Amino acid sequence: MFKNYFTVALRNLKRNTTFSVINIAGLAFGLAVFLLIMEFVAGEWSANRFQKNYDTLYRLATTDKNNNTGYYIAPGFAPAITTKIPGVQAVVRVADGIGDGVLTATGANGNSSTQKNFRENNVLYVEGNFLEVFSFPLADGSTSLATPQTMAISENMAMKLFGTVQAAGRTVIMSNQFGNTPYTVKGVFKNMPQTSDIQAQVLLSIHTLENAANRDDNNWADPSTTESGFTNIYVQLGSNANAAAVAGGITNTMHRINSNTAEQNAYLQPFSNLHLGPDFSYPYQTYGSLKLVVLLLSVAVLILIIAWVNYINLSTVQSFTRAKETGVRKVLGASRWQLSFQYLSETAIITIVAALMAIVLVQLLQPVFNGFAGKELSLAMLNQGWFWLAGVGFIIVGAILAGGYVSFVLSGYSPITAIRGKIANSVKGIVLRKGLVVFQFSISIIFIIATLILYQQLEYMKTSNLGINLQHLLVIKGPTVSSENQAALNMAFKDKLAQTPFISKFSASNNVPGVGYNFSAAGITKLNPQKGDDKKNYFMFISDEHFFDTYAINFSQGHSFTANEAATGWSNAGKVIINEKAAAQLGFAHNENIVGKKILWGKEYEIAGVVKDYHHLSMHQPIEPVIYLPSVSFVYFTIQTDGSNMQAKISSLESMYKTYFPGNPFEYFFADDTYNAQFSAEQQLGNLCIAAAVLAICIACMGLLGLAAFTAKQRIKEIGIRKVLGASVFSITQLLSKDFLQLVGIAAVIAFPLAWWAMYTWLQDFAYRISISWWVFAIAGATALCIALLTVSFQAIKAALANPVNSLRSE
Amino acid sequence: MITLNHLSKWVTVGGIRTFLLKDINLTIGEGEFISIMGPSGSGKSTLLNILGMLDGFDEGEYLFLNEQVHTLKEKHRSQLYKDHIGFVFQAYHLIDELTVYENIETPLLYKSIKTSERQAMVADMLDRFQMVGKKNLFPSQLSGGQQQLVGIARALITKPKLILADEPTGNLNSKQGEEIMELFTQLNKEDGVSIIQVTHNEKNAAYGKRIVHLLDGRIEKIEG
């Protein structure tokens, strides 16, 4: 019996090659996309789960009375949390973003001729117990980083620095903002898995910073400070501890130690919510986005459903050619159940073939998809938890539903109708099939609209007037490996830049637009502040006098710093520049002339100028109140050129840089690239939407093609008669196409409000956004209509051209 | 074997009832060979379909082997015709995707007969119709007469008591038609299979022991 089913199924597939290929291809593409997205979802789901203490680990967060959350906490609270609060088993301080710099490996016997320099941004200052609490297994050496000036490095880093993972005991000089400090390698850890939210190539003992000599005057980085928050604090609880109770204890401890924290409450964010929140309204920061995961999952499921719908459409259409077979089998004694089983086994074969093809497709598309996702994904990601089960289960259920419907329809025809080949005249299922086409096109139109609006917003963010100029700006990273006369070298380099003919403007600053500010501060007020003014937050940005000119930032009042003010630093010069937002937040009236007025920040500062508000960061965020502090800083050099022949200019800059800053790698980027990198998430989403839209449309068109073929067959007699009566090919094409265009019209009516709602919600994430215009809908509708028309008219013209003699002769 | 009492079937179009069959009374005994004749639209095929239980009727009663067909449940009814009736069609209605062997085998599959037994039965049948050499051919590779032979072999494989043939020679030339009629006669005489055939052809109709003439849904006369 099975053999018979199987033979017939295979022979049928072979006989209707075109149909089989379209059907299997549609399903295979749908499945491939489903699998690719499931890989991503599985990756997000599995984040941090490899930590053996996953269930007892928490990240300490704070919330203030305005529900702002904070994750950078002053490290000085940690000892009290460890010792004073019951239930706390371990506390791990981790400081990221402050340690990046250059590593210099000395040779095996201190031989400096073999030394190698590498810049590394992924550097963490960590508690001594970091490698004991977190599960990052060692390849060499030991875990403890309790001794100052000890470090652990990744296998990758060990290979780079020493050409071997057996690096324990070796010495590395770390040059960063805290000076040049030698560290002993205690351990080499296996490269951190990409499912880890904690990522590092280099772990430095935070105890190193306890020695003021290792801080190079950066006293904010003293690990015993309770003032400057620069560490993440991770807490491991005992298995019976109550997180809320411990958080309460931490709140009290913080309030007791530093009264400035009086308005803050501690919260312990469980590791299970560190990557993805438990719901959309989870107020704490997560590394992944639950919204994105749910969105992607919906896209995956929708595409797979579209593919199944397509299968249903094509298979039922196919059923006319098999009507006779069905009828004969019934007459020969097949029960409905037996027939259903036969068609189900055909579905099973098609699904299996499609699934195999999908796996091949996944392999082929994996690099492209990984490019989109920015992750190293593979089918192996699915090999965990319930993912295989859920994925395979979903596919099986889909196959049973789709195949079940098809077989139900096919086996339900009365044998006489079927045997006479009159199924085509039966209306059974036609409403459903039309409904399915409407569904497919609704989804397609929604994807088209989403793509259009997404790109519009992206284009808007990229091209609208930011208030600054980022074109032809090359940014060079300043030196971090310092020599004895570093200050003099910096100034000499600056002078050299000033003399270089192809450089029209340049500036030195501590950060750049599109990357960030320097720090934020409160307690800044007018001389006669209102109550509560001191709680307001300002973003501080450190730059020299040329910054505003180089980035073409306009002044609404006053002027830039003088060279002398920059050279002496803000504390000595007593000058600041503020933006209009800051002026307003300080309480100055609009258009009030405030140049020369004083503000208080510990001491008095005079306002040298007010710059017009500009988008320092992307349009996701509103423009913040910013205060600019004068200094000669050398973290970034921004250079303006005419933009031509950049390769030659860059190499000439490199040789200059190498002369002045030996031992420092020459690194540069273009200001606009870095600024635009802020939209990478939207860019990815945009790419994904385009891919989904194209795929949905392709599959929907296959379904439409099927339905058109069905209708042409169903109306073959009518067409024949009309032709005999003198109808033109055009009028028959029109007749056949009209119905389908109506379907697409209905799909549009359903899709428009849904798409509008979805995109309106999405746009709310942007502080500055486009308004949705009507023509987006018009374009999407017209696109779908044109594609549908092309698909249908192909069948319609074929039917219209057919010789009526053939169609009228039957019976 | 078959008794029809006051059997009628109609369709209602635009509120007007049109009779396809009206007040049919007919008794057919076991081992009979009956031909049904009549012009197009006289209800021949409808009657045959009702006899084969492929179609229902609106009035009257139909007794098959003393069972009231119209009161039977669908499942029981299909069981009844599966066990006792074989069908032969004008257009042969072989399954194009199956070979001669597989076509003949198909009814047995639906009766869940064991593989070895099935093989023996199909082999016997191929032998009897002298088609052993053609068993791996597909229908499209056979002539019309050969296809109809396969159709008859397929109808006979389940050893039915009754064969219903709807214009079995309609698509064949006269020589092939004669061979089929000879075969029917032989089956009827030697195997005792009852045969009811619908035909246009007077000569073929004469092979039947009785000829039922239909006109406009009524029995006009019964010859023999």
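Note that the coordinates shown come from a computational prediction; the quantities given were computed from them, not determined experimentally.

Participant: Before we move on, could you go through the overall build of chain B and cite the residues and values that matter?
Facilitator: Along its length, chain B carries seven helices and 10 strands. Taken over the C-alpha trace, chain B has a radius of gyration of 18 Å; the compact-globule value for 224 residues is 17 Å, and the two agree within 12%. Looking at the 224 residues of chain B, the share that counts as buried comes to 54%. Put simply, 69% of the contacts in chain B that link residues at least 6 apart link residues at least 24 apart. Within the structure as shown, chain B displays about 10,100 Å² of accessible surface, and the carbon and sulfur contribution to it stands at 47%. Charge-centre separation for chain B: the mean point of 24 positive side chains lies 3 Å from the mean point of 28 negative side chains.

Participant: Lay out the overall build of chain A with the relevant residues and their values.
Facilitator: Counting secondary structure elements, chain A contains 24 helices and 25 strands. Oriented by its inertia axes, the alpha-carbon framework of chain A measures out at about 105 × 60 × 55 Å. Sorting the 811 residues of chain A into buried and exposed places 53% on the buried side. Surface accessibility of chain A: about 34,400 Å² in total, with carbon and sulfur atoms responsible for 59%. Within chain A, the 47 negative side-chain charges are centred at a point lying 19 Å from the centre of the 56 positive side-chain charges.

Participant: Run through the pairing of strand E4 (residues 101-105) of chain A, naming residues and quoting values.
Facilitator: Looking along a regular strand, one sees the side chains alternate between the two faces of the sheet. Residues and elements named next belong to chain A. Within E4, five of the five residues are buried, which leaves the element mostly enclosed by the surrounding structure. As paired elements, E4 and strand E5 (residues 116-120) share five bridges and run antiparallel to each other. Within E5, the residue paired with Thr104 across the bridge is Asn117. Pairing between E4 and strand E9 (residues 171-176): four bridges, direction antiparallel. Paired with Thr104 across the two strands is Ile173, which belongs to E9.

Participant: So, the domain arrangement of chain A: which residues are in play, and what are the values?
Facilitator: On domain assignment, one finds that chain A holds domain 1 (1-47 + 288-428), domain 2 (57-273), domain 3 (429-464 + 674-811) and domain 4 (473-673). Taking only C-alpha atoms into account, the centre of domain 1 of chain A sits 51 Å from that of domain 2 of chain A.

Participant: Now, about the interface of chain A and chain B: what can you tell me, with residues and values included?
Facilitator: Interface size is commonly expressed as the accessible surface area that is lost when the partners come together. At the junction of the two partners, chain A supplies 24 residues and chain B supplies 23 residues. Looking at the side of chain A facing chain B, the largest losses of area belong to Arg11, Val331 and Leu332 of chain A, adding up to 28% of the total buried there. Between chain A and chain B we count one salt bridge in total. Between Arg11 of chain A and Glu102 of chain B there is a salt bridge, and its shortest N-O distance comes to 2.6 Å. Within the residue set of the side of chain A that touches chain B, elements represented by two or more residues are helix H1 (2-15), helix H8 (323-331), helix H9 (336-373) and helix H11 (415-419) of chain A. Its residues placed into classes, the side of chain A that touches chain B shows 10 nonpolar, seven polar and seven charged.

Participant: Could you give me a rundown of the UniProt feature "domain: ABC3 transporter permease C-terminal" (unreviewed entry) in chain A, with the residues and numbers involved?
Facilitator: Mapped onto this numbering, the UniProt entry gives "domain: ABC3 transporter permease C-terminal" (unreviewed entry) at residues 298-414 and 691-800 of chain A. Segment residues 691-800 of chain A splits into 86% helix and 0% strand. End C-alpha atoms: 35 Å apart.

Participant: Kindly report on unusual backbone geometry, identifying the contributing residues and their values.
Facilitator: Backbone geometry at Asn645 of chain A places phi at a positive 50°, although glycine is not the residue there. Examined against the element boundaries, Asn645 of chain A turns out to sit in the loop between strand E24 (636-640) and helix H18 (646-660).

Participant: Could you give an account of the side chain of Asn490 of chain A, naming the residues involved and the relevant values?
Facilitator: Relative to the helices and strands, Asn490 of chain A is located in helix H13 (residues 486-499). For Asn490 of chain A, the contacting residues outside a window of four places in its chain are Pro479, Phe634 and Phe661 of chain A.

Participant: Describe the sheet that holds strand E4 (residues 59-64) of chain B, naming the residues involved and giving the relevant values.
Facilitator: Residue and element names in this part refer to chain B. With antiparallel pairing, four strands are arranged side by side in an open sheet as E2-E1-E4-E5. Of all the strands in the sheet, just strand E2 (16-28) and strand E5 (67-68) have a single pairing partner and so form its edges. Strand direction decides the pairing type here: strand E1 (residues 2-13) and E4, joined by five bridges, are antiparallel. Residue pairing across strands places Asn5 opposite Glu61, the latter belonging to E4.

Participant: Could you give an account of the environment of Thr761 of chain A, with specific residues and numbers?
Facilitator: All names here are of chain A. Along the chain, Thr761 falls in helix H22 (residues 729-763). In this structure Thr761 comes out as partly exposed when scored by relative accessible area, which is 36%. Taking the C-alpha atoms as reference, Thr761 lies 14 Å from Glu682; in sequence the two are 79 residues apart. A distance of 2.6 Å separates a polar side-chain atom of Thr761 from the backbone oxygen of Trp757.

Participant: Kindly report on the packing of H1 of chain A against H9 of chain A, identifying the contributing residues and their values.
Facilitator: All names here are of chain A. Packing of H1 against H9 leaves a shortest axis separation of 9 Å and a crossing angle of 55°. Accordingly, the angle class assigned to the pair H1 and H9 is oblique. As H1 runs across H9, the sense of the crossing is right-handed. Contacts between H1 and H9 involve Phe2, Tyr5, Phe6, Val8, Ala9, Asn12 and Leu13 on the former and, on the latter, Gln338, Phe341, Gln342, Ser345, Glu346, Ile349 and Ile350. Here the contact of H1 with H9 is composed, by residue class, of nine nonpolar, four polar and one charged.

Participant: Break down H1 of chain A for me, with residues and values.
Facilitator: Counted at 1.5 Å a residue, the expected span for H1 of chain A with its 14 residues is 20 Å, and the 20 Å between its end C-alpha atoms agrees. Those residues of H1 of chain A not exposed but buried are Asn4, Tyr5, Val8, Ala9, Asn12 and Leu13 of chain A. Projected down its long axis, H1 of chain A carries its buried residues within an arc of 160°, all on one side. Exposed positions of H1 of chain A whose direction lies more than 90 degrees from the buried face are Lys3 and Lys14 of chain A. Its buried side turned inward, H1 of chain A meets helix H2 (17-45), H8 and H9 of chain A together with helix H3 (100-110) of chain B.

Participant: Summarise a nonpolar patch on the surface; cite the residues concerned and give the values.
Facilitator: Taken together, the side chains of Phe29, Val360, Leu364 and Leu365 of chain A make up a nonpolar region of the molecular surface, amounting to roughly 350 Å² of accessible area. Here the nonpolar patch takes three residues from H9 of chain A, the largest share from any one element.

Participant: For the sheet that holds strand E7 (residues 162-166) of chain B, give the residues involved together with the corresponding values.
Facilitator: Residues and elements named next belong to chain B. One open sheet holds the six strands; their spatial order is E6-E7-E8-E3-E9-E10, and the pairing between them is mixed. Each edge of the open sheet carries a strand with a single partner, namely strand E6 (85-89) and strand E10 (218-223). Taken over all neighbouring pairs, the strand axes of this sheet differ in orientation by 20° on average, direction set aside. The sheet contact formed by strand E3 (residues 33-37) and strand E8 (residues 194-198) spans four bridges and is parallel. For Ile36, the partnering residue across the bridge sits in E8 and is Val198. The strands touched by helix H5 (residues 144-156) are E6 and E7; relative to E6, the strand with the most contacts, the crossing angle is about 170°.

Participant: Can you break down the UniProt feature "domain: ABC transporter" (unreviewed entry) in chain B residue by residue, with the values?
Facilitator: The positions that UniProt labels "domain: ABC transporter" (unreviewed entry) are, in the present scheme, residues 2-222 of chain B. Secondary structure across residues 2-222 of chain B comprises 36% helix and 29% strand; the distance between its end C-alpha atoms is 16 Å.

Participant: Account for helix H23 (residues 774-801) of chain A, naming residues and giving values.
Facilitator: Helix length check: H23 of chain A (28 residues) gives 39 Å between terminal C-alpha atoms against 40 Å at 1.5 Å per residue, within 8%. If you look at H23 of chain A, its biggest bend is around 30°, right at Ser793 of chain A.

Participant: A description of the side chain of Thr62 of chain A should follow, citing residues and the corresponding values.
Facilitator: Residues and elements named next belong to chain A. One can find Thr62 in strand E1 (residues 57-63). Residue classification places Thr62 among the buried residues on the basis of a relative accessible area of 7%. In contact with Thr62, not counting residues within four places along its chain, are Asn68, Thr69, Gly70, Ile73, Met254, Gln264 and Asn265.

Participant: Could you give an account of the packing of aromatic side chains, naming the residues involved and the relevant values?
Facilitator: Residue and element names in this part refer to chain A. Within this structure, the stated rule accounts for 41 aromatic pairs over all chains. Arranged with centres 6.0 Å apart and planes meeting at 85°, the rings of Phe493 and Tyr657 form a pair that is edge-to-face. Remark: Tyr657 occurs in helix H18 and Phe493 occurs in helix H13; sequence separation between them is 164 residues. This pair shows no difference in class: Phe493 is buried, exactly as Tyr657 is. Three or more aromatic residues joined by ring pairs make a cluster, and in this case those are Phe493, Phe634, Phe637, Tyr657, Tyr660, Phe661, Phe666, Tyr668 and Phe670.

Cut-off values and rules
- Residues numbered from 1 in each chain as written.
- Chains lettered and ligands numbered in written order.
- Predicted model: local features only at pLDDT ≥ 70, side-chain atom pairs only at ≥ 80, totals over all residues.
- Heavy atoms only, no water.
- Helix = DSSP H or I, 4+ residues; strand = E, 2+ residues; numbered from the N terminus.
- Rg over C-alpha atoms; globule rule 2.2 N^0.38 Å.
- Buried < 20%, exposed > 50% of the residue type's maximum accessible area, 1.4 Å probe, protein only.
- Contact = heavy atoms within 4.5 Å.
- Areas by Shrake-Rupley, 256 points an atom, 1.4 Å probe, with all protein chains shown as cover.
- Lys, Arg positive; Asp, Glu negative; His and termini not counted.
- Charge placed at Lys NZ, Arg CZ, Asp CG, Glu CD.
- Pairing = 2+ DSSP bridges.
- Domains from an automatic or database assignment.
- Buried area = accessible area lost by both parts, 1.4 Å probe.
- Salt bridge = Lys/Arg side-chain N within 4 Å of Asp/Glu carboxyl O.
- Nonpolar A, V, L, I, M, F, W, Y, C, P; charged D, E, K, R; others polar.
- UniProt positions renumbered as here; feature names shortened; annotations may be inferred.
- Polar contact = N/O pair within 3.5 Å; in protein donor to acceptor, adjacent residues only side chain to side chain.
- Axes fitted to C-alpha atoms, helices over the stretch in contact; angles between N-to-C directions.
- Parallel < 35°, antiparallel > 145°, perpendicular 65-115°, else oblique.
- Left-handed = near helix turned anticlockwise from the far one by under 90°.
- Expected span 1.5 Å × (residues − 1).
- Arc of directions from axis to C-beta.
- Patch = residues over 30% accessible without salt bridge, like charges linked within 9 Å, V, L, I, M, F, W, Y side chains within 5 Å.
- Bend = angle between axes of the 7 residues up to and from the residue.
- Phe/Tyr/Trp six-rings, centres within 6.5 Å; stacked < 30°, edge-to-face > 60°.

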